[in-house]
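Residue-level structure breakdown
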Amino acid sequence: MIVNQLSTKDYGGNTLNNKSEFHQQFKIQYINIMADPKIEEILAPFRAAVKEQGDKVRQLKESGALEIDLKKAVAELKARKKILEDKELELTPVEASFDRAKMEDLLKRRFFFDQSFAIYGGITGQFDFGPMGCAMKANMLSTWRSFFILEEQMLEVDCSILTPEPVLKASGHVDRFADLMVKDDKNGECFRLDHLIKAHLEKVKSDKKSTAELKWECEDIVIKLDGMNKEEMRTILRRFEMKAPLTNNELSDPMEFNLMFSTSIGPTGLVKGFLRPETAQGIFVNFKRLLEFNQGKLPFAAAQIGNSFRNEISPRSGLIRVREFTMAEIEHFCDPSDKSHPKFDEVRHVQVLLYSACNQMDGKAAEIVTIGKAVDDRIIANETLAYFMARIQQYMVKVGVDPKKLRFRQHMNNEMAHYACDCWDAECLTSYGWVECVGCADRSAYDLSQHTKSTGVRLVAEKKLPEPKTIDVVEVVAIKGAVGKSFKKEAKEIMEALSKLEPATVVEVEESLKTNGKYVLEIGTNSYTLTPDMLEVKRYQKTTYVEEYVPNVIEPSFGIGRIMYAIFEHNFKVRSDDGQRTYFSLPPVIAPLKCSVLPLSNNADFVPYIRQLSRDLTAVDVSNRVDDSSGSIGRRYARTDEIAIPFGITIDFDSLKEPHSATLRERDSMGQVRIPLKEIAGVVRDLSYGKMTWTDVEAKYPKFEQQETKS
């Protein structure tokens, strides 16, 4: 996705601006949909204000208002939405108390992750995962792979991180990530300079007080704007005394900034490349091979897990805004005329919390609806997009996201990515506010069309027609001898360009040859004049039995680091009987280690039982850790709780007796049962992978009542 690496919405104003803010206690709240009537009465004027501005934005769009006026109206709409959402959070009862400082301390102390190159002072926006963070991340990705790639029978690829410039030029990244910008001197907001100049000059032109001479000058500047350099644009910026559109603050001088990390490929330095800003392009450029592998059948989905890079201007908020991040992306290719999904009925009744664009503009709260109703009411554009939204929610809840702090927010038209026709973000409520963790977009046919134009390789699919169809064909054919004689080395490039011309352009070529006796072909910055003796336009009919089309793409894009951070917050706990005992109640499926093995003491008789038990657990794919260090069993339990180990086996003196048994402890409830040693590895395996619940275990095996000690 071409976004500024997933934006953060901080509705509570909780940001890490200084250390005192970092160490304060944050409270997590969420909006109760079935709001108290008294609360709704207080919110009514705020909702009305948002709706009033939303209606104004709609009217400006319908009347074709100037872009600058529309931007101001949208900015005011966002400001009113912010006030409303702050008020909603203020009035909603507190669900839980959360101390971010304690959680961050635990994450750092047990080395889930920490700042990269810390002994050299660290690099902002870069993090290293320690043993527990690495294992948790691996388990999240393994679960993702099973949940999506295996269950949905997707085609997995692993593409190069180093990406040549032409690929990202075609995708739009080069032009959209490299612009002249100016900043609001007071609040730091950035503006693309050419857009700012154009909007301002259009405003000047429409002003009745402007003279005819001034209007002509403005029109002339707009026409020449694309070819202007940095200094020329700076002169215009100062000549017209342009200010920040929304605040009227002074603007900085123009500056260049590219969010992609650039590099050169090979020793000559002549081949320009970038570290990929997303994993999606690797899938798109391999579409033809993937379609062949899938025997030419659509729909199908391809997936990729890997790191991407964005040179963030101001990375912050831990894992939420970083410069190197892991993505898990799916590109589901389908017929644009049929975006139904064969498994849609399986999720039709799944309930989701939707914050639609319409509700945002009308000042209404997010609403719980079923996926089926959302499609039937056209809130969600199509079945395939809705199917993946339901599956995203199921995955997020499975790996530990609190469903009460998860919603889908629809992009409004003004924030929609350039390629998308509908887009929803799965957002998690954290102490930083609502944070986008997964984007789910209908990218239409944008990417495949762009790469086809750039390479001449037709990235299309075919479908059989109900009956044969006769079509008219018009094409331009280069006369090789004449073209070769006139253009020598450039002849091959010219003939390739001619072969790629669309039918409408071929008609223009024909008209130009008849009217002007020549046609000027533009290739990049070069122009070539072609005469009638070099070209021939052919028209004929052919019968076709198949129809070509450019597939549309539905793309769920997961930011793994952001999901991890939300999981940490949603699962950070403090023991009610001891405020100093903190732990993570991670679901067993993603817990870094599934089980700890603890001897009650350092008695040598326990050693063979400990070793055998560890081997048995490993044999059934249960990751485990033996803790035979000194300290009470209660203290060692606390240590394993801190690193989120869900189950603990204790070998005690009763284990030495026939029949041999051990205690099995569950982390969250601290409940314990007694289980025969020959069964215990299988029980932990079934618990770890969701085949059995702790309630099932307590019903089957006798409880062990001994209390934990804190000493």
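The rules behind each value
- Residues numbered from 1 in each chain as written.
- Predicted model: local features only at pLDDT ≥ 70, side-chain atom pairs only at ≥ 80, totals over all residues.
- Heavy atoms only, no water.
- 1 Å grid on protein atoms, 1.4 Å probe; cavity = no way out; pocket = protein on both sides within 12 Å on 5 of 7 lines; lining within 4 Å.
- Points joined across faces, edges and corners; volume = space filled by probe spheres on them.
- Helix = DSSP H or I, 4+ residues; strand = E, 2+ residues; numbered from the N terminus.
- Nonpolar A, V, L, I, M, F, W, Y, C, P; charged D, E, K, R; others polar.
- Buried < 20%, exposed > 50% of the residue type's maximum accessible area, 1.4 Å probe, protein only.
- Salt bridge = Lys/Arg side-chain N within 4 Å of Asp/Glu carboxyl O.
- Expected span 1.5 Å × (residues − 1).
- Patch = residues over 30% accessible without salt bridge, like charges linked within 9 Å, V, L, I, M, F, W, Y side chains within 5 Å.
- Areas by Shrake-Rupley, 256 points an atom, 1.4 Å probe, with all protein chains shown as cover.
- Pairing = 2+ DSSP bridges.
- Axes fitted to C-alpha atoms, helices over the stretch in contact; angles between N-to-C directions.

1. Focus on the layout of surface pockets
Considered as a void within the structure, the second largest pocket measures approximately 1,000 Å³ in volume. As for the second largest pocket, its lining consists of 28 residues, of which R458, L501, E502, P503 and E548 are closest to the centre. Contributing elements (two or more residues each) for the lining of the second largest pocket: helix 16 (446–455), strand 20 (461–478), helix 18 (491–499), helix 19 (503–516) and strand 23 (535–549). Residues that form the lining of the second largest pocket fall into these classes: 12 nonpolar, five polar and 11 charged.

2. As for unusual backbone geometry
The residue after L298, namely P299, is reached through a cis peptide bond having omega 0°. Tracing the backbone shows P299 in the loop between helix 12 (287–293) and strand 13 (300–309). Following E658, the chain continues to P659 via a peptide bond in cis, the omega torsion being -15°. Along the chain, P659 falls in the loop between strand 29 (647–651) and strand 30 (661–666). In this structure, R378 takes a positive phi of about 60° despite not being glycine. Considering the arrangement of structural elements, one finds R378 in the loop between helix 14 (371–376) and helix 15 (383–398). A relative accessible area of 75% means that R378 is categorised as exposed. A positive phi angle, near 50°, is found at S444, a position not held by glycine. Of note, S444 is situated in strand 19 (residues 433–444). Judged by relative accessible area, which is 22%, S444 ranks as partly exposed.

3. Regarding the pattern of salt bridges
Under the definition given, this model contains 42 salt bridges. The partner of E165 in a salt bridge is K272, and the shortest N-O contact between them spans 3.8 Å. Taken together, the residues span a long stretch of sequence, with E165 in helix 6 (residues 165–171) and K272 in strand 12 (residues 271–275) at a distance of 107 residues. Overall, K272 belongs to the partly exposed group, its relative accessible area being 42%. Close ionic contact of R407 with E427 constitutes a salt bridge, the shortest N to O distance being 2.8 Å. Placement of the pair is R407 in strand 17 (residues 406–410) and E427 in strand 18 (residues 422–430), with a sequence separation of 20 residues. Of the two residues, R407 and E427, both sit in the buried class. A cluster of three or more residues bridged by salt bridges with shared partners is formed by K51, D55, R58 and D362.

4. Here we look at helix 8 (residues 193–206)
Between the first and last C-alpha of helix 8 there are 20 Å, a value that for 14 residues agrees with the 20 Å anticipated at 1.5 Å per step. Looking only at helix 8, the buried set comprises L193, D194, L196, I197, A199, L201 and V204.

5. A short note on a nonpolar patch on the surface
A grouping of F117, I119, Y120 and I123 is seen on the molecular surface, where their side chains present a nonpolar patch of about 540 Å² in accessible area. Secondary-structure assignment places I123 in the loop between strand 4 (113–115) and strand 5 (127–129). On the accessibility criterion, I123 (35% relative accessible area) is partly exposed.

6. Some details on the sheet that holds strand 11 (residues 262–265)
Spatial strand order, 7-12-11: three strands in an open sheet with antiparallel pairing. Edge positions in the sheet fall to strand 7 (162–164) and strand 11, since each of these pairs with one other strand and no more. Averaged over all adjacent pairs, the angle separating strand axes in this sheet is 45°, with direction ignored. The sheet contact formed by strand 7 and strand 12 spans three bridges and is antiparallel. Among the inter-strand pairings, P164 is bridged to a residue of strand 12, identified as G273.

7. A few points about the sheet that holds strand 29
Taking strand neighbours across the sheet as the criterion, the five strands line up as 28-27-29-30-31 in an open arrangement whose pairing is mixed. Every interior strand has two partners, whereas the edge strands, strand 28 (624–626) and strand 31 (672–676), have only one. For this sheet the average axis-to-axis angle between neighbouring strands, irrespective of direction, equals 25°. Pairing of strand 27 (residues 595–599) with strand 29 involves five bridges; the strand directions are parallel. Bridge pairing in strand 29 places S596 opposite G648.

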